[in-house]
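# Commentary on secondary and tertiary structure
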Amino acid sequence: RVSDSELAWRSIYNPKVIIAADLSASNLSDYRCVILANVTRLPEDALSLLTDFVTNGGGLWIAAGDRMDRSFFNETIYDQGRGLSPLPLGDAIGDARDQSRFDLIHPPMSPHPATRLLSDTERLDIENAHVYRWYPFESNKTSDNVSVFLRAGQGAPLVVEKSVGQGRVIVQGIPLGVAWSNLPLCQAYVVIVHEWLSYLIEPTRTRWSVEPGEPFAASFSPGTYDAQATIHKPGGGTIPTE
């Protein structure tokens, strides 16, 4: 039997649960991503703390649910387009108790780095996800910094993204659990969690590799411009630079 300590190294994430009321007292610089899972309200200083966190490169994932205060969300987190959410929430639709009626989730079509794996319907089952109840976004509200990750129903946005400063925010109209959909029971859900967390923390992540043809740069202290650098190739071997 493998002990818990022997398995600990297998996870690249170290989650910590914080009650929303205690968020103001937290040092968010210790984290790379914050997930607001069906949070009703946030204190004003906590919202300011989150805004600074995202502006400086942190990731924020907001999941609506039955405890969500829509008025608070639209007034503060959306704030007429000036807040962390790119779009306001409309009234929740559907009945989570009647699972005979549902909306489907459309496989993503746009080549976005956070959703490119989800478009592979031969290996993933995103098209089998059923949404019984959800908050639609008021998509008639325009925003220059919004992109749509997933759509439901007749193409209405279900998950949207906004860039805030150096950071990124993902907002979804359904909870992370199975209360309003069967998405967490689908194979695609594992991919969603992995890919979206990786995407959210990317701005603060050290990049050790570059794509073919992509430039890279290094800065040196004054008087050291003759410094030499060595490129290590993935297959072994090195390349000197000047």
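Further up the page is the structure itself.
In what follows, the accompanying structure is described. (Residues numbered from 1 in each chain as written. Predicted model: local features only at pLDDT ≥ 70, side-chain atom pairs only at ≥ 80, totals over all residues. Heavy atoms only, no water.)

## Quick look at the layout of surface pockets
If you add up the space inside the largest pocket, you get close to 900 Å³. Broken down by secondary-structure element, the contributors of at least two residues to the lining of the largest pocket are β1 (33-37) and α4 (188-201). The element contributing the most residues to the lining of the largest pocket is β1, with five residues. (1 Å grid on protein atoms, 1.4 Å probe; cavity = no way out; pocket = protein on both sides within 12 Å on 5 of 7 lines; lining within 4 Å. Points joined across faces, edges and corners; volume = space filled by probe spheres on them. Helix = DSSP H or I, 4+ residues; strand = E, 2+ residues; numbered from the N terminus.)

## Considering helix α2 (residues 44-55)
Taking 1.5 Å per residue as the helical rise, α2 with its 12 residues ought to reach 16 Å, and the 17 Å between its terminal C-alpha atoms agrees with that figure. For α2, the complete set of buried residues consists of Ala46, Leu47, Leu50, Phe53 and Val54. Within α2, the buried residues cover an arc of 120° as seen down the axis, which keeps them to one side. Each element contacted by the buried residues of α2 is listed here: β1, β2 (59-63), α3 (70-78), β8 (156-164) and β9 (167-172). Immediately beyond the C-terminal end of α2, within one or two residues, lies Gly57, with a positive phi of roughly 115°. (Expected span 1.5 Å × (residues − 1). Buried < 20%, exposed > 50% of the residue type's maximum accessible area, 1.4 Å probe, protein only. Arc of directions from axis to C-beta. Contact = heavy atoms within 4.5 Å.)

## As for the side chain of Ser181
Mapped onto the elements, Ser181 comes out in the loop between β9 and α4. Using a relative accessible area of 2% as the deciding quantity, one classes Ser181 as buried. Polar contacts involving the side chain of Ser181 include one to the main-chain amide nitrogen of Leu183, which spans 3.3 Å. Residue contacts for Ser181: discarding those within four places in its chain leaves His130, Val131, Tyr132 and Ile174. (Polar contact = N/O pair within 3.5 Å; in protein donor to acceptor, adjacent residues only side chain to side chain.)

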